[in-house]
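# Survey of secondary and tertiary structure
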Amino acid sequence: MADGKVTLATLAALKARGEKAVFITAYDYPTATFVDRAGVDMILVGDSAAMTMLGLPNTLGIGMEEMLMFVRAVCRGARRAFVVGDLPFLSYQPSDEAAVRNAGAFMAAGCDAVKCEGGRRVAPRVRAMTDAGIAVMGHLGLTPQSLAQLGGYRVQGKTLDAVRRIADDALALEDAGAFAVLLEAMPAEAAALVADRLGILVYGIGAGPHLDGQLVISHDVLGNFVGEIRPRFVKRYAEVGRDIERATREYAADVRAGRFPASEHCYPLAPECDAEIRAARGSGAQASLPYAPALP
Ligand code: KIV
């Protein structure tokens, strides 16, 4: 694990040493704080927030306003990790001007870089953003903002022709100044073939072990995604959703049984007012307060 704030130089040094970068999504202040403390190198404020945080069916329904709220919260929590803000659908596709303005808003909110989906067709936008001084990560393979064109959540790069097209897209992003490319949902050897053709950093999510680092969606590994999508590449490290449900059931049972709040959860009266307040409640008040604090 690298010391100090992670920068582009840190990421390049990790690659030079053959060390893998650890990359995870976060969308809120507590998660960003905890994953940062755990020593991740990079945090993606993904537009997957549409699904993980807002309960939408895909990533198309989230906009800049919602993303900026998530980005600001994560940037407050991430002290060390390199934060990448994920440009949402139609925030960069329409024009270079839109791309620079929206990427600029993410940078002003505290991001270290932005990510956008697509290859040759977004290369001019990547060039416009990098010319404006913004570090840009490309995203190829399964690109959820083009879900309808791809025909669903499907593994990409399964034929040599398809891998070559992805590699050409990746080269266009490199030429446009991207500092990294993220490959999603590709066979490991296909992703490695793309990476072999590039001089920039290549990260993967569901794209095998041969890349410069691994991204996971925090809800997938922590077990608090509400929904049925569970791709093959997900490894579960916790059951946060199940724990929330169990803890809440216990809390509800305690309230219903009168076990909560107990005396240790109640504020005592000031001794000088105690008798007066109890008297004001009238006789029988004690009987309805089974967990009243013990009086000195
Ligand atoms: O939004 C996101 O979390 C992403 C990953 C799925 C790559 O873009």
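Anything mentioned here points back to the structure above.
Notes on the structure in this doc start here. By convention here, each chain's residues receive numbers from 1 onward along its written sequence. Owing to the predicted nature of the model, reporting of local features is limited to residues with pLDDT of at least 70; listing and counting of side-chain atom pairs is limited to 80 or more, with chain, interface and lining totals taken over all residues. Only heavy atoms go into the side-chain values, all of them from the structure, while hydrogens and water stay out.

The geometry of helix α2 (residues 29-37) relative to helix α4 (residues 64-77) is characterised by a closest axis approach of 7 Å and an angle of 35 degrees between their N-to-C directions. The interaxial crossing formed by α2 with α4 has right-handed handedness. Across the interface between the two elements, Y29, A32, T33 and D36 of α2 pack against A73, V74, R76 and G77 of α4. For this scheme, ten residues count as nonpolar: Ala, Val, Leu, Ile, Met, Phe, Trp, Tyr, Cys and Pro. Four count as charged, namely Asp, Glu, Lys and Arg, and the remainder, Gly too, count as polar. The class makeup of the residues in the contact of α2 with α4 is four nonpolar, two polar and two charged. Think of each axis as a best-fit line through the C-alpha atoms, taken over the contacting stretch in the case of a helix, with angles from 0 to 180 degrees between the N-to-C directions. The way it works is that DSSP assigns letters per residue, a run of H or I at least four long becomes a helix, a run of E at least two long becomes a strand, and they are numbered from the N terminus. Should the near helix be turned anticlockwise from the far one by less than a right angle, the crossing is left-handed, and should it be turned clockwise, the crossing is right-handed. We call two residues in contact whenever any of their non-hydrogen atoms come within 4.5 Å of each other.

Should a side-chain nitrogen of Lys or Arg be within 4 Å of a carboxyl oxygen of Asp or Glu, the pair is scored as a salt bridge. Counted under the stated rule, the structure contains 15 salt bridges. Measuring nitrogen to oxygen at the nearest pair gives 3.0 Å for the salt bridge that ties K115 to D86. Here K115 is found in strand β4 (residues 113-117), whereas its partner D86 is found in strand β3 (residues 82-86), with 29 residues between them in sequence. Here the two residues K115 and D86 agree in accessibility, since each one is buried. For D131, the salt bridge is made with R127, and the minimal N-O distance between the two is 3.3 Å. Relative accessible area decides the class of each residue, using a 1.4 Å probe on protein chains only: under 20% of the type maximum gives buried, over 50% gives exposed, and in between gives partly exposed.

Okay, the sheet that holds strand β2 (residues 42-45) next. By definition, two strands form a pair when at least two bridges between them are found by DSSP. The sheet built from eight strands closes into a barrel, its strands ordered β1-β2-β3-β4-β5-β6-β7-β8 with parallel pairing. Geometrically, the sheet is characterised by an average inter-axis angle of 25 degrees between neighbouring strands, direction not taken into account.

What follows deals with the layout of surface pockets. We place a 1 Å grid over just the protein atoms. Points where a 1.4 Å probe fits but has no way out form a cavity, open points with protein on both sides within 12 Å along at least 5 of 7 lines form a pocket, and any residue with an atom within 4 Å of a point lines it. Grid points are joined across faces, edges and corners, and a volume is the space filled by probe spheres set on the points. Space inside the largest pocket adds up to approximately 990 Å³. Looking at the largest pocket, it is lined by 46 residues, and the ones nearest its centre are I205, G206, D220, P231 and F233. Mapped by element, the contributors of at least two residues to the lining of the largest pocket are β1 (21-25), α3 (49-52), β4, β6 (180-184), β8 (213-216) and α10 (218-222). Sort the elements by how many residues they give to the lining of the largest pocket and β1 lands first, with five residues. Class assignment of the residues belonging to the lining of the largest pocket gives a composition of 27 nonpolar, nine polar and 10 charged. Empty space within the second largest pocket amounts to approximately 390 Å³. Around the second largest pocket sit 17 residues that line it, and G141, L150, Q156, I166 and D169 are the ones nearest its centre. At the level of secondary structure, the elements contributing two or more residues to the lining of the second largest pocket comprise β5 (136-141), α7 (147-150) and α8 (160-175). Broken down by element, the residue count for the lining of the second largest pocket peaks at four residues, all from α8. A breakdown of the residues in the lining of the second largest pocket according to their chemical character gives four nonpolar, eight polar and five charged.

Aromatic pairing here means that ring centres of Phe, Tyr or Trp (its six-membered ring) are within 6.5 Å. Orientation follows from the plane angle: under 30 degrees is stacked, over 60 is edge-to-face, and everything else is tilted. What the rule picks out here adds up to three aromatic pairs. Ring plane angle 65 degrees and centroid distance 5.8 Å describe the contact between F82 and F179, whose orientation is recorded as edge-to-face. Of this pair, F82 sits in strand β3 while F179 sits in the loop between α8 and β6, and the two are 97 residues apart along the sequence. The pair formed by F82 and F179 is uniform in burial state, with each residue classed as buried. Here Y251 and F260 contribute two aromatic rings whose centre-to-centre distance is 5.9 Å and whose plane-to-plane angle is 75 degrees, an arrangement assigned as edge-to-face. Classification of Y251 as partly exposed rests on a relative accessible area of 47%.

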